[in-house]
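Topology and contacts: notes
This is what each chain is made of:
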Amino acid sequence: MAAPPPALMEELVEESLLRLPPDDPASLVRASLVCKDWRRILTGPGFRRRFRERHRTPPMLGFLRLRGSDRACCFTATSSFRPRNADLLHGRYALDSRHGRVLLTTMSMRQEPLESSLAIWDPITGDHMRLPQLPPRPQRRISCHAAVLCASSPSGACNHLDCHRGPFLVVLMSTSRDEVFVDVYSSEAGAWSQPTFAGQHPLDGPVWIVGVELGAFAGNALHFMVLMDSGMGILKYNLNTREINQVNLPPNCRCSVELTTTEHGGLELASMEDSRLHLWSMEDGPDGHLGWAQTRVIELKNMLPANTRLFSVDCFVHSLAVVFTRTSEGLFSIDLNSAQVRKAYEGRSFVNVVPFMSFYTPELGATSAGEGSSAGA
């Protein structure tokens, strides 16, 4: 009788499991069901840490969208992940998603009272937290937008690979009739800070924050698109210095502008001209001052299926060279590096695309009981 084959060394098993694709979390759950040894490896904190360090950039597991027909917020999966407590989206509106969390509001950012409607949702754990009301302002907020961040973002002490259970910040930038100001909520303090003001009329004429455009976080600063009488611009809030400054757009770049970040965390801007996507990055100039440098021009029409009309670019996936495009055939995601194109949504009745990025690995006890975070895969 032949002897049974020798068991694989545990180190080799772990090295093989580390190579499973992060954008298919169900493969990790299935592997944890093979045997007790594999389950012990996959659910251990050491594996989770090494898995994130190996792949570095969290994958996009899905995106949130607002249906245009009934204004209902929905989660559309782009992987085998399924969120927990997705019923919390009923009657909500997704503003932002970053570092494994989603920032929700119960109404449009243009309506009052915004301050009583903000909440944080973790699609992996299902945790939900409603934020306290902001102190009243003497002047009505004309426009505003918000972003959620890891609380370690200002210091740069976190690599944001596994911080969705830790403390967080919510940064709310608002404009009134003659002011631009920022309020910051800290989950550690459980309260909103005193507002930071940019002073009266920091820009020429009235300022409206473009509420449908996601803010970009780069260089420990948040950047929001704004609309002025003279055209589009950018407002920058530095979390370290708490200063609000204006950032000019590249020359002849005044419409169809999206902010995003590069894979190395730098600020990037994209503008559309017909079906061509122009990419600009913020770089040090020869005089030592920051400025825009055009890096790529991409013909998106050539990447889409034949006879598909391109309408607009809806959003970028931060740190990934992936863009969502609205077309005559639905919503497509395009990887600008690999030219891989996927249909993300069949219909055309939707607004407000917010990508959700996070790592997902099984937790101890979840795979045997059918409970815990593995229920989402």
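None of the values given here were measured: they were computed from a predicted structure. (Residues numbered from 1 in each chain as written. Predicted model: local features only at pLDDT ≥ 70, side-chain atom pairs only at ≥ 80, totals over all residues. Heavy atoms only, no water.)

Focus: the pattern of salt bridges
- In this structure the tally under the stated criterion is 9 salt bridges.
- In this structure, R19 engages E15 in a salt bridge whose closest nitrogen and oxygen atoms are separated by 3.1 Å.
- The class of R19 is partly exposed, set by a relative accessible area of 48%.
- Among the residues examined, E15 registers a relative accessible area of 38% and is labelled partly exposed.
- In this structure, R276 and D274 form a salt bridge, with 3.9 Å as the shortest nitrogen-oxygen distance.
- Judged by its relative accessible area of 33%, R276 is partly exposed.
- In the salt-bridge network here, residues are joined through shared partners; they are E10, D37 and R40. (Salt bridge = Lys/Arg side-chain N within 4 Å of Asp/Glu carboxyl O. Buried < 20%, exposed > 50% of the residue type's maximum accessible area, 1.4 Å probe, protein only.)

Considerations on unusual backbone geometry
- Phi is positive for N220, close to 55°, though the residue is something other than glycine.
- The phi dihedral of N307 is positive, around 65°, even though this residue is not glycine.
- Checked against the element boundaries, N307 lands in the loop between strand 20 (290–299) and strand 21 (310–317). (Helix = DSSP H or I, 4+ residues; strand = E, 2+ residues; numbered from the N terminus.)

Remarks on the environment of A216
- Tracing the sequence through the fold places A216 in strand 13 (residues 216–218).
- Taking the C-alpha atoms as reference points, A216 and L259, separated by 43 residues in sequence, lie 5.9 Å from one another.
- Those residues in contact with A216 that lie beyond four places of it in its chain are R98, A221, L222, H223, L259, T260, T261, L267 and H318. (Contact = heavy atoms within 4.5 Å.)

Some details on a nonpolar patch on the surface
- Among the surface-exposed residues, I142, W208 and L227 lie close enough to one another that they form a single nonpolar patch of about 230 Å² accessible area.
- Secondary-structure assignment places W208 in strand 12 (residues 207–209). (Patch = residues over 30% accessible without salt bridge, like charges linked within 9 Å, V, L, I, M, F, W, Y side chains within 5 Å. Areas by Shrake-Rupley, 256 points an atom, 1.4 Å probe, with all protein chains shown as cover.)

What to know about the pairing of strand 14 (residues 221–228)
- Of all 8 residues in strand 14, 7 are buried; the element is thus mostly enclosed.
- When strand 12 meets strand 14, the two strands line up antiparallel, connected through 3 bridges. Residue pairing for strand 14: V207 is matched across the bridge by M228.
- Two successive antiparallel strands, strand 13 and strand 14, enclose a turn made up of 2 residues, where G219 displays a positive phi of approximately 60°.
- Pairing analysis gives 8 bridges linking strand 14 to strand 15 (residues 231–238), with the strands arranged antiparallel. In the strand pairing of strand 15, L222 is matched with Y237.
- Here strand 14 folds back onto strand 15 in antiparallel fashion, the turn holding 2 residues. (Pairing = 2+ DSSP bridges.)

Some details on the confidence of the model for the chain
- Residues at a pLDDT of 70 or more form 86% of the chain, whose mean pLDDT is 82.
- Confidence drops under a pLDDT of 50 for residues 109–113, and excluding neighbours within four residues, the segment shows 11 contacts in the predicted structure.
- Counted against residues more than four places away or in other chains, residues 364–374, with its pLDDT under 50, gives 22 contacts. (pLDDT = per-residue confidence, 0-100.)

Let's talk about the packing of aromatic side chains
- Within this structure, the stated rule accounts for 10 aromatic pairs.
- Considering the side-chain rings of F47 and F51, the 5.7 Å spacing of their centres and the 25° angle between planes classify their relative orientation as stacked. On the criterion of helical spacing, the pair formed by F47 and F51 is a turn pair, its members being 4 residues apart in helix 4 (residues 45–55). As far as the burial class goes, F47 and F51 line up, both buried.
- Consider the rings of F75 and F81, whose centres lie 6.0 Å apart with planes at 75°: the pair is edge-to-face. Accessibility classification places F75 together with F81 in one group, the buried group.
- Each residue in the set F75, F81, F356 and Y360 is aromatic and connected to the rest through ring pairs, giving one cluster. (Phe/Tyr/Trp six-rings, centres within 6.5 Å; stacked < 30°, edge-to-face > 60°.)

Section: the sheet that holds strand 20
- The 4 strands lie next to each other as 17-18-19-20, forming an open sheet whose pairing is antiparallel. Here the strands that pair on one side only, and so sit at the sheet edges, are strand 17 (257–261) and strand 20. Direction aside, neighbouring strands of the sheet carry axes that sit 25° apart on average.
- The sheet contact formed by strand 19 (residues 276–284) and strand 20 spans 9 bridges and is antiparallel. (Axes fitted to C-alpha atoms, helices over the stretch in contact; angles between N-to-C directions.)

A few points about the environment of D284
- Mapped onto the fold, D284 is located in strand 19.
- In this structure D284 comes out as exposed when scored by relative accessible area, which is 61%.
- In contact with D284, not counting residues within four places along its chain, are H289 and L290.

Quick notes on helix 4
- Listing the buried residues of helix 4 in full gives G46, F47, F51 and R52.
- Just downstream of helix 4, R56 is the residue with a positive phi angle, here 65°.

Looking at the pairing of strand 18 (residues 267–273)
- Along strand 18, 6 of the 7 residues are buried, which leaves the element largely enclosed by surrounding structure.
- In this structure, the hairpin formed by strand 17 and strand 18 is closed by a connection of 5 residues, where G265 is found at a positive phi of approximately 90°.
- Sheet analysis places strand 18 next to strand 19, joined by 6 bridges and oriented antiparallel. Bridge pairing links A270 to L279 in strand 19.
- Hairpin connection of strand 18 to strand 19: 2 residues between the antiparallel strands, including D274 at a positive phi of 55°.

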